[in-house]
Amino acid sequence: MQERRAAARERLDENGLITVDEHTSIPCLIYDMSERGVRLVSLEAGTVPETFLLAAGWLPEVRVCEIVWRTHEEIGARFAANP
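Attention in this report is confined to the structure presented alongside it.

Conventions adopted
- Residues numbered from 1 in each chain as written.
- Predicted model: local features only at pLDDT ≥ 70, side-chain atom pairs only at ≥ 80, totals over all residues.
- Heavy atoms only, no water.
- Helix = DSSP H or I, 4+ residues; strand = E, 2+ residues; numbered from the N terminus.
- Polar contact = N/O pair within 3.5 Å; in protein donor to acceptor, adjacent residues only side chain to side chain.
- Disulfide = S-S within 2.5 Å.
- Buried < 20%, exposed > 50% of the residue type's maximum accessible area, 1.4 Å probe, protein only.
- Pairing = 2+ DSSP bridges.
- Axes fitted to C-alpha atoms, helices over the stretch in contact; angles between N-to-C directions.

Time to look at the side chain of S34. Inspection of the secondary structure assignment puts S34 in the loop between β2 (24-33) and β3 (37-41). Engagement of the side chain of S34 in a polar contact is seen with the backbone nitrogen of R36, the distance being 3.1 Å.

Laid out in structure tokens, this is it:
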């Protein structure tokens, strides 16, 4: 199978937090990440909106993400372009 990603992903397995709105956050596992996107694992993947915020203690800033694909427990998302 040929790799189709524009940028290689680095395996992380780090805890993260998906912020849905000002009152709702969902824990996740940041499975892997590249400069352009991220793959997350969450038992609540189906409830995450198309655009969300991703935070983790080791990330230098909160990232705005847009879902590209999703399964029952995984989300593939790209980082939104900076304004």
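Structure's up, so let's keep going.
Here we take up the state of the cysteines. Applying the stated criterion to the full structure yields zero disulfides. Of all cysteine sulfurs in the structure, the one in C65 sits closest to C28, which takes part in no disulfide; the separation is 9.0 Å. The exposure class of C28 is buried, given its relative accessible area of 6%. A relative accessible area of 0% means that C65 is categorised as buried.

Attention shifts here to the sheet that holds strand β5 (residues 63-70). Strands sit in the order β1-β2-β3-β6-β5-β4 around a closed barrel of six strands; the barrel is antiparallel. Neighbour to neighbour, the strand axes of the sheet diverge by 45° on average, direction disregarded. As paired elements, β2 and β3 share four bridges and run antiparallel to each other. Following the sheet pairing, D32 is matched in β3 by R39.

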